Amino acid sequence: MMTSRPLFTPTSSPSKKFGPRTGTLFIDRDGSATTHETKTPALLAASSRGIVPHLSRDHLHISQAIQHVQLPFESFINRNPPVPTLVDGPHPLHTFLGYSPDRHVLTMTLRDPSDGRKMPPNGNDFVSAHCTRGVRKVTAASWNTWVDKCKPDIVVALSDTPFTPPPHSQKRLTKSIERSIAWVSSILKLPAVSPGAKPNIASRPRHVLLHLAGGAALDARTEFADRLTDPIEQRDAAELAPFNTLDDGIAGYVFDLLPLRSAIAAESQPAVDEGDLAGGLLRVSDRHRSSPNFSARLSEILQSSLQALPAEKPRVLNSPASPHEVLRLVRDVGVDLVDSFWAQRASDMGIALDFRFPVPDPAVPDPSVCAPPSKRKNGRSDLGHNLFEPVYVHDHARLAASFVDGLSASRSAEPARELVCECGACSPHSPSSRLLHSTVDVQAWQDSACPTSPNKLQPPFARAYVHHLLHTHEMSAHALLAMHNIAVFSAFLAGIRSVLSRDDPEAEFAREVTRFEEAYDEELGLWDEGEVMWLQVERARGKGRLAREKEKQIVSTIGTAVDL
C-alpha cells in the first residue's frame, strides 16, 4: 500500500516560502517495519552505470556519508529489456547493484543530470537518452514499465529538458511545458483495468519527483507551476484519483542547474559549442564556475517556479558548481537534497577537499602538524589540495587539515567528534575478517593488542601516499579520494544543519555564509591546476588517444584529401 506519510516534513513551519530550512525525509517501504529517516539538507550521491564512481561494494558499505544515491537509468537501456528490470524481489535495484535496503535510498532518473553534452531533440512521445551504444528514444510507456519493474524508493518523472544549443524559442518552451505535463500525468495514472474491477492504487509509484520546466524564462516557469496546480480535467479524473491536481501526486521538485547555466549564459552572448572537451575526458560542467551574481539569477529562476507550489515538499538540487553556490541557494531559496557530483568530480582530478562550514575559528590549524590549503592572491584559501603537485611527495599528513583523523581523535584527551573525518581514508579500520594461512596468523588476528586485530582504527592514509598512487595510475587513489570528498561534502551539509539549529537561524546562517565567502576561493583556481595535471596523467595512460589521432589525421590531410 502507499504510505500516507509525506516524503518530507519540515522541522518547523517556515516563516516564509523561501529561505534556509531543515527537515526530515522519510522512506517507508512495503513489507518492512523500519523507516529510513534523513535529516536535511542532505547529500545525494551521484552514480554512473549504477555504482558510485571508484567505489567497490566494500567501499560503499564503509562510507557512512552515502545514504541517498541517484541512479541515471540511461546507461542500462542499451539492452531491451534493460537488465535491472529482469531482477525479481521486493528491492530489485538494491539487489542488482549491491546497495543495502536498510541503509541506502535509491532515486531513479532517466538522464544523468551532470551530463551536459548536446543531444538530439526530444519528441512529442519520447525523450532522447544516451547509453553506451549511442542515443536511444525512451517513451513514457517504457519508462513507466521500467519503474514498475525496478521499484525504486524515489522516481523522477520524465520531463522535456532541451539539450540543444540555447537560446530556446517561446514555441520550444511551450512544447517543453506541454510534454512535461503529459509525461508526469502518465506516470501518475493508474493502469487500465477491466470493467467493474477496482484500480490498484499500490501500482502507482510511491514517491514521484518532477523537474520544474520552463528554462530560464520566468513566465514559462510560472506557467508550468500554475499548470501543476490547476484542477485535473474530468476526462482524466478517474485514472488520477484521488488527486485533485497533478501537484497532489508530486512528492517533490528537482532543479537541474546544468541546462539552466547554458540558458542563462545564452542571454548575454551567443551559445558556444564546447565540442569534445579534451578528447572526451572533460565534461561541460568542469568549466562552469559560480559567482554571487549568477547565484542571484538562479535564485530568481527557482523562486519563480516555487512561488505557486507548496513549501512543505522537498527540493533537490543537481550539479551545483561550488559550495558557495549551495550556501546561497540554501539561504535564498531553500533546498533539501544536494547532488555531490562536484565533490566526486574533484576526486577524479586528484583533489582532496579540505574545508568546513561554518568556518572554524581560528581558521587554520598548526601548519607544522598538518598544512592547510594554500592561499590565493586574493587572500582566500583553496577548497582542498591538488595531490598531483610535487610539493606533496614528502607530505605525510592526513588528507584534510580541517578535520581530525579517527586514530588521533581516539588518543586525544579531549576528542572533538564533530571534527573527525570518518571516511575510509582518514579513519580506516582493519578488516573484520581475513584469510588466515597458519597458526601464527590466527594468534596475531585474535590478539587485541595487535594493530591488525579486527575492526581496529588504523593510521590515516597520507598525502604522500595518495600522491604516489596518482602518479603510478593506481585506481585506489581515486577510491580513497572519493570516500574522503563525499565525507567532507556531507560534513559541509551537516554544518549547515548545525547553524540552522541556532537561535535566530536566518541571521546566523547569513552571517556564516558571508564568512565562508571571505575565507574560501570561489574562482576554483585549484581546479584549473588540477585539471591540467590530471589530463597529463590520463593521456599518458592512453585516454583520449583515438580522438587525438583523428585530429592529427584531419590536420595531415588538409589540402590533399579528395572528396569522392
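What comes next is a walk through the structure. Not measured: the values here are computed from a predicted model.

What counts, and where the lines are drawn
Residue numbers run consecutively from 1 along every chain, following the written order of its sequence. For this predicted model, a pLDDT threshold of at least 70 governs which residues receive local features, and a threshold of 80 or more governs which side-chain atom pairs are given and counted, while totals over whole chains, interfaces and linings are taken from all residues. Side-chain numbers here rest on the full set of heavy atoms in the structure, without hydrogens or water. Only DSSP runs of H or I reaching four residues or more are called helices, and only runs of E reaching two or more are called strands; each is numbered from the N terminus. Any two strands with at least two DSSP bridges between them are considered paired. Only the stretch in contact is used when fitting a helix axis, every axis being a line fitted to C-alpha atoms; angles between N-to-C directions are given from 0 to 180 degrees. Note on definitions: a residue-residue contact is assigned when non-hydrogen atoms from the two residues lie within 4.5 Å.

The amide bond that connects proline 166 to the next residue, proline 167, takes the cis arrangement and shows omega of 0 degrees. Within the secondary structure, proline 167 sits in the loop between β9 (154-156) and α4 (170-188). A cis geometry characterises the amide bond from alanine 241 onward to proline 242, with omega recorded as 10 degrees. One non-glycine residue with positive phi stands out, namely lysine 151, at about 50 degrees. As for its position among the elements, lysine 151 is in the loop between α3 (140-150) and β9. Not every positive phi belongs to a glycine, and aspartate 504 is a case in point at roughly 50 degrees.

Bringing the sheet that holds strand β13 (residues 337-339) into the picture now. Strand pairing in a sheet takes place through backbone hydrogen bonds and is either antiparallel or parallel in direction. Strand order around the closed barrel formed by 8 strands is β4-β5-β6-β9-β10-β11-β12-β13, with parallel pairing between neighbours. Adjacent strand axes in the sheet meet at a mean angle of 25 degrees when their direction is disregarded. Where strand β11 (residues 252-256) meets strand β12 (residues 315-318), 4 bridges bridge the pair, whose relative direction is parallel. Opposite aspartate 256, over in β12, you have asparagine 318 as the bridge partner. Sitting on the sheet, α3 is in contact with β6 (105-109) and β9, with an inclination near 165 degrees to β6. Where helix α7 (residues 257-268) meets the sheet, its contacts fall on β11 and β12, and the angle it forms with β11 comes to roughly 50 degrees.

Within the secondary structure layout, threonine 245 lies in the loop between α6 (237-240) and β11. Discounting residues that sit within four places of it in the chain, threonine 245 has contacts with Leu228, Thr229, Asp230, Pro231 and Ile232.

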